[in-house]
Amino acid sequence: MTTHETIEFDVLFVGGGPANLAGAIRLMQLAAEKGRELEVALIDKGAAIGSHAISGAVMNPVAIAELYPDYRQQGFPVEQTVRGDGFFFLTKKRSVKIPLAPRQMHNIGFPIVSLAKVCRWLGEQAEALGINLFPGFDGKKILLADDGITVTGVRTGDKGLDKDGKPKPNFEPGIDLLAKVTVLGEGARGSLMKELAGKLSIRSGRLPELFETGIKEVIQLPENHFFSDCAFNDIHTMGFPLDPDTPGGGFVYEMADNRIALGFLLALGYENPALDLYDTFMRFKRHPMIQNIIRGGKVVEQGARAVSTGGWFSMPHLAVDGALFTGNGAAIHNTPAIKGIHLAIKSGMLAAETIMDALVAGNTGRHTLMGYSRRIEASWAGTELREGRNFAQALAKKGPIKWIHLAAQYISKGKGLVDRLPSADDATTLKPLQPEAQTFSVETEKPVTDDPTMVDKLTGVYLSGTLHREDQPSHLLIHDRRVCVEKCYPNYGCPCTRFCPGDVYEMETRKDGGGINGIKLNFTNCLHCKTCDIKDPFNNITWTCPEGGEGPNYKQA
Ligand code: SF4
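Residues numbered from 1 in each chain as written. Predicted model: local features only at pLDDT ≥ 70, side-chain atom pairs only at ≥ 80, totals over all residues. Heavy atoms only, no water.

Remarks on the overall build of the protein
Rules: Think of it this way: any DSSP run of H or I at least four residues long counts as a helix, any run of E at least two long counts as a strand, and we number them from the N terminus. Radius of gyration: C-alpha atoms only; globule rule: 2.2 Å multiplied by the number of residues to the exponent 0.38. Using a 1.4 Å probe on the protein chains alone, a residue whose accessible area is under 20% of its type maximum counts as buried, one over 50% counts as exposed, and one in between counts as partly exposed. Note on contacts: a residue pair is in contact if any heavy atoms of the two residues lie within 4.5 Å. Residue exposure ignores everything except the shown protein chains as possible cover, and the areas themselves are Shrake-Rupley values with a 1.4 Å probe. Neither His nor the chain ends is counted toward charge; the positive residues are Lys and Arg and the negative residues Asp and Glu. A charged residue contributes its charge at one atom only: NZ of Lys, CZ of Arg, CG of Asp or CD of Glu.
Along its length, the protein carries 16 helices and 23 strands. Relative to its length of 557 residues, the protein is compact, with a C-alpha radius of gyration of 23 Å against a globular reference of 24 Å. Reported as C-alpha extents along the three principal axes, the dimensions of the protein are approximately 65 × 55 × 50 Å. In the protein, which comprises 557 residues, the proportion classed as buried is 60%. Residue pairs at least 24 apart in sequence account for 76% of intrachain contacts in the protein once pairs closer than 6 positions are excluded. A total accessible area of about 22200 Å² is found for the protein, and carbon and sulfur atoms account for 53% of it. In the protein, 61 side chains carry a positive charge and 64 a negative one; their mean positions are 5 Å apart.

So, unusual backbone geometry
Following Gly56, the chain continues into Ala57 via a peptide bond in cis, with omega recorded as 0°. As for its placement among the helices and strands, Ala57 is situated in the loop between β2 (40-44) and α2 (62-67). The amide bond that connects Phe240 to the next residue, Pro241, takes the cis arrangement and shows omega of 5°. Even without being glycine, Cys494 reaches a positive phi, approximately 55°. Considering the arrangement of structural elements, one finds Cys494 in the loop between α14 (481-492) and α15 (496-499).

Description of the domain arrangement of the protein
How big an interface is tends to be stated in terms of accessible area lost as the parts join. Convention followed: Segment limits for the domains were obtained from an automatic or database-derived domain assignment. As used here, buried area is the combined drop in accessible area, with a 1.4 Å probe, of two parts when they are placed together. By definition, a salt bridge exists where a carboxyl oxygen of Asp or Glu is found within 4 Å of a side-chain nitrogen of Lys or Arg. As a working rule, the residues Ala, Val, Leu, Ile, Met, Phe, Trp, Tyr, Cys and Pro are called nonpolar, Asp, Glu, Lys and Arg charged, and the rest polar, with Gly in that last group.
Split by domain assignment, the protein resolves into domain 1 (6-68 + 118-207 + 312-387), domain 2 (80-109 + 209-308) and domain 3 (391-419). Measuring from the centre of the C-alpha atoms in domain 1 to the corresponding centre in domain 3 gives 32 Å. Listed per partner, the contact involves 6 residues of domain 1 and 6 residues of domain 3. Both sides together, the interface formed by domain 1 and domain 3 hides about 490 Å², and carbon and sulfur atoms give 70% of it. The tally of links from domain 1 across to domain 3 stands at 0 salt bridges. Broken down by class, the residue content of the side of domain 1 that touches domain 3 amounts to 3 nonpolar, 1 polar and 2 charged.

Re the side chain of Asp321
Note the cut-off: Identification of polar contacts relies on pairs of N or O atoms within 3.5 Å, with a donor-acceptor requirement for protein atoms, meaning one able to donate a hydrogen and the other able to accept it, and with residues adjacent in sequence counted only if both atoms are side-chain atoms.
Locating Asp321 in the fold gives a position in the loop between β18 (319-320) and β19 (323-325). Despite its burial, Asp321 pairs with no opposite charge, the nearest such side chain being Arg366 at 5.0 Å. A polar side-chain atom of Asp321 sits 2.8 Å from the main-chain amide nitrogen of Arg366. The residues contacting Asp321, other than those within four sequence positions of it, are Ile149, Thr150, Val151, Thr364, Gly365 and Arg366.

Re the site of the ligand
Operational definition: Being near a molecule or strand, for a residue, means having at least one of its heavy atoms within 4 Å of it.
In the vicinity of the ligand lie 13 residues, with Cys500, Cys526, Cys529, Lys530 and Cys532 positioned nearest. Looking at side-chain class alone, the shell around the ligand contains 10 nonpolar, 2 polar and 1 charged residues.

Looking at a nonpolar patch on the surface
Let me state the cut-off plainly: Patch rule: a residue counts if its relative accessible area is over 30% and it has no salt bridge; like charges are joined within 9 Å, and nonpolar side chains (Val, Leu, Ile, Met, Phe, Trp, Tyr) within 5 Å.
A cluster of nonpolar residues, Ile401, Ile404, Leu417 and Val418, forms a patch on the protein surface that exposes about 330 Å² of accessible area. Along the chain, Val418 falls in the loop between α12 (400-412) and α13 (457-463). Judged by relative accessible area, Val418 falls into the partly exposed class, the value being 36%.

Quick notes on the sheet that holds strand β5 (residues 95-97)
Paired through their backbone hydrogen bonds, the strands of a sheet run either parallel or antiparallel. Cut-off, in case you're wondering: Strands are labelled as partners when DSSP assigns at least two bridges between them. For helices, the axis comes from a line fit to the C-alpha atoms of the stretch in contact; other axes are also lines fit to C-alpha atoms, and the angle between any two N-to-C directions lies between 0 and 180 degrees.
The strand order β5-β4-β14-β15-β16-β13-β17 describes an open sheet built from 7 strands, whose pairing is mixed. Because the sheet does not close on itself, it has two edges, and the strands there are β5 and β17 (298-308). Going across the sheet, the axis of each strand differs from the next one's by a mean of 20°, ignoring polarity. Sheet topology places strand β13 (residues 211-220) next to strand β16 (residues 259-267); 9 bridges connect them, and they run antiparallel. Within the sheet, the bridge partner assigned to Thr213 lies in β16 and is Leu266.

Some points on the pattern of salt bridges
Enumeration according to the criterion identifies 24 salt bridges in this entry. Residue Arg103 is joined to Glu387 by a salt bridge in which the shortest nitrogen-to-oxygen separation is 2.9 Å. Linking Arg103 in the loop between β5 and β6 (111-112) with Glu387 in helix α10 (residues 380-387), this pair joins segments that are 284 residues apart in sequence. Look at Arg103 and you get partly exposed, because its relative accessible area is 29%. According to the relative accessible area criterion, Glu387 is partly exposed, its value standing at 22%. Between Arg203 and Glu209 there is a salt bridge; the shortest N-O distance is 3.9 Å. For Arg203, a relative accessible area of 26% translates into the label partly exposed. Taking relative accessible area as the criterion, Glu209 reaches 15% and is therefore assigned buried. A single network of salt bridges, built from pairs that share partners, joins Arg26, Glu353, Asp357 and Arg375.

Concerning the environment of Phe232
Here Phe232 is to be found in the loop between β13 and β14 (234-239). Taking relative accessible area as the criterion, Phe232 reaches 14% and is therefore assigned buried. In this structure, the C-alpha to C-alpha distance between Phe232 and Arg83, residues 149 residues apart in sequence, is 5.6 Å. Ignoring any residue separated from it by four or fewer positions in sequence, one finds Phe232 in contact with Arg83, Gly84, Asp85, Gly86, Phe88, Lys97, Phe226 and Phe227.

Comments concerning the packing of aromatic side chains
Going by this rule: Between rings of Phe, Tyr and Trp, where Trp is taken as its six-membered ring, a pair exists when centres lie within 6.5 Å; planes separated by under 30 degrees are stacked, by over 60 edge-to-face, and by other angles tilted. Any Lys NZ or Arg CZ found within 6 Å of a ring centre and within 35 degrees of that ring's normal is scored as a charge over the ring.
Using the criterion set out here, one finds 11 aromatic pairs in the structure. Note on Phe226 and Phe227: the rings are 5.2 Å apart at their centroids and 85° apart in plane angle, and the pair reads as edge-to-face. Given a relative accessible area of 26%, Phe226 falls into the partly exposed group. Judged by centre distance (5.0 Å) and plane angle (20°), the rings of Phe251 and Tyr253 are stacked. With relative accessibility at 3%, the residue Tyr253 sits in the buried group. Lys159 extends its terminal NZ or CZ atom over the ring of Phe137, reaching a point 4.2 Å from the ring centre.

In structure tokens, the structure reads:
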């Protein structure tokens, strides 16, 4: 039997995104104020802090200014400052600038950032405060006390298994990291959060989580580009290439050194199983307005990630005995504003304040840690979250009623016509594939041109820096492969082959043209976006952490 080394800390943060980095920093700030010594650790599955962090991202600076009032002077990485907002409706060939953007999308004065760089900067601050940072370590399993309800820490993943799961000569068993309080901040669809939801009732009485998946690129432009003499440098689009009943949209932000961040988000409650996420992204990029912006450029980085957008009513209960949940992994997101970084930072800070109270009181039980939930509710974060509480659910409605809901919510600051508007789980919304849709429209299958602004899926994977060792068990689990052949292909045409932006899933078609033999898994391409774990209509796919330190290697995203 494998034995696992044990290391104990006061507080363990699992996930090195903005929520947990800010949380760990705030905790050390409080410890210094109170003259307490704390052993604090933070693990992240990426090879380096920030290497799995990707976001738009126009950032509301309110939270970082609370954490570091002089953040700009301290070298916080800002690409550009928003000098004007451009909100556009796209038809197939044209673009119409909407004169009045919704109030939540007024971004003038906000920094445009790279989340990967922001996390690296926060990591440097955390390290300087004495926090033990362990990049390259994934949280593989939740550890519970004998009572079955108290979280005592996490076990990290084994390293050095072969593809059959047998130890290789360099095998290193996972380590049991124990803590008085464990903070899960894994980002959307965290695997430990999912495991915990199966054991403890953290989602009871909550609405289903809703998600969007975004593909984002950083594009290097020549000097004197579109934004050089443009009054706005923060663009959001709606409309083409999606139909009115499918929520999603594009963004383009100016970055430093003649680069732009360009991306497209698709709500995963979509119904058409023929829809291809990457294809949709390519269509967006082929629109004349976008072509005008990216002409002469070169894609230098690409990545993808799901975002939890359901908001207030879809948030889990935020604490259990010995643990609490931060950031987007807990559905903390302002969807009308398309922003979450500031809320993630604030959630981490409020978690830290609650943890310090609990440590001082010597009580890390659920009732003490639920003070975190009350802190969120009483803060500006709670006000924001409540204003967007029915938004993603309204977006998911079809036809004119969607716009009526949205208008009512806008006027009533969130309440709308139905307060706690119900919605369906994203895994349940696909309609059967129509026969005429059997030939999928896949722009990405067009011959790859030598246009460096348009890259195919596999080039995109390469540009994400993604690496996984081949000789290890697949971290993507297809539970019953007969379901793919006998149920998913006939009903939906295996949508995993189209919603996955990494070209991980491939249909093995039969030579007689009468269906498929199975699904081939190219797990080494996986971008860790989690879309398959969310959208698979039979819940037949589970995403688990691969060996720590693998996956994307974002530097500018
Ligand atoms: Fe995303 Fe799943 Fe594809 Fe990986 S396999 S890139 S998590 S959809």
